[in-house]
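Letter by letter, the chains look like this.
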Amino acid sequence: MVRTPLTPEERERGERLGRLLREARGGRSMTQIAADAGISAETLRKIETGRAPTPAFFTVAALAGALGLSMDDLLGRCAEAAPKERAAA
């Protein structure tokens, strides 16, 4: 199966999600949050750095739960950041 290239918007959204998850993690270890979410620390690292810009829904849901975020809150924070980032560019 050949994957279609990501659009700039999809890459930007992945980077934004990664920043939000990293901020929500705060001082907690990446290893502990990944374990709580049932994913590998490497997967979390890739999401946080934007190298995995389109993580599966269930992965994002598990991370949100491990970080104490609701999916609505995460979506809202992701959406709020987009116009601010475009205006700053």
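Worth saying up front: this structure is predicted, and the values here are computed from it rather than measured.

The interhelical angle for the contact between helix H2 (residues 30-37) and helix H4 (residues 57-67), taken along N-to-C directions, is 120°, at an axis separation of 8 Å. The orientation of H2 relative to H4 falls into the category oblique. For the pair H2 and H4, the sense of crossing is right-handed. Contact residues: Ile33, Asp36 and Ala37 in H2; Ala62, Leu63, Ala66 and Leu67 in H4. Looking at the contact of H2 with H4, its residues break down into six nonpolar, no polar and one charged.

We now examine the packing of aromatic side chains. Under the criterion given, the structure shown has one aromatic pair. The interplanar angle of 80° and the centroid separation of 5.3 Å between the aromatic rings of Phe57 and Phe58 together place this pair among those described as edge-to-face. Residue classification places Phe57 among the exposed positions, given a relative accessible area of 52%. On the accessibility criterion, Phe58 (67% relative accessible area) is exposed.

With that settled, the discussion passes to H4. Inspection of H4 places Thr59, Val60, Leu63, Ala64, Ala66 and Leu67 among the buried residues, and these make up the whole buried set. Down the axis of H4, the smallest arc covering the buried residues is 165°, so these residues share one side. Away from the buried face of H4 by more than 90 degrees, exposed residues Phe57, Phe58 and Gly65 are located. Gly68 lies just past H4 and shows a positive phi near 75°.

The next point concerns the packing of helix H1 (residues 8-25) against H4. Where H1 contacts H4, the axes come no closer than 10 Å and their chain directions differ by 25°. The pairing of H1 with H4 is recorded here as roughly parallel in orientation. Regarding H1 and H4, the two cross each other, and that crossing is left-handed. Across the interface between the two elements, Leu17, Leu21, Ala24 and Arg25 from H1 touch Val60, Leu63 and Leu67 from H4. Taken together, the residues of the contact of H1 with H4 sort by class into six nonpolar, no polar and one charged.

Criteria and thresholds
- Per chain, the residues get numbers from 1 upward, laid out in the order the sequence is written.
- Predicted model: local features are reported for residues with pLDDT of at least 70 only, side-chain atom pairs are reported and counted for 80 or more only, and whole-chain, interface and lining totals are derived from all residues.
- Side-chain figures throughout are based on the complete set of non-hydrogen atoms in the structure, without hydrogens or water.
- Lines fitted to the C-alpha atoms define the axes, with helices restricted to the stretch that makes contact. Angles between their N-to-C directions range from 0 to 180 degrees.
- Comment: elements are numbered from the N terminus, with helices defined as DSSP H or I runs of at least four residues and strands as E runs of at least two.
- Relative orientations are named as follows: roughly parallel for angles under 35 degrees, roughly antiparallel for angles over 145 degrees, roughly perpendicular for angles from 65 to 115 degrees, and oblique for any other angle.
- By definition, turning the near helix anticlockwise from the far helix through less than a right angle yields a left-handed crossing, and turning it clockwise yields a right-handed one.
- Only heavy atoms enter the contact rule, under which two residues are in contact if any of them lie within 4.5 Å.
- Each residue receives one of three labels: charged for Asp, Glu, Lys and Arg, nonpolar for Ala, Val, Leu, Ile, Met, Phe, Trp, Tyr, Cys and Pro, and polar for the others, Gly being one of them.
- Classification of ring pairs uses Phe, Tyr and Trp, with its six-membered ring standing for Trp, and accepts pairs whose centres are within 6.5 Å; under 30 degrees between planes counts as stacked, over 60 as edge-to-face, and the remaining range as tilted.
- Under the scheme applied here, a residue whose accessible area is under 20% of the maximum for its type counts as buried, over 50% as exposed, and between as partly exposed, the area being computed with a 1.4 Å probe on protein chains only.
- As used here, the arc belongs to the directions running from the helix axis to the C-beta atoms.

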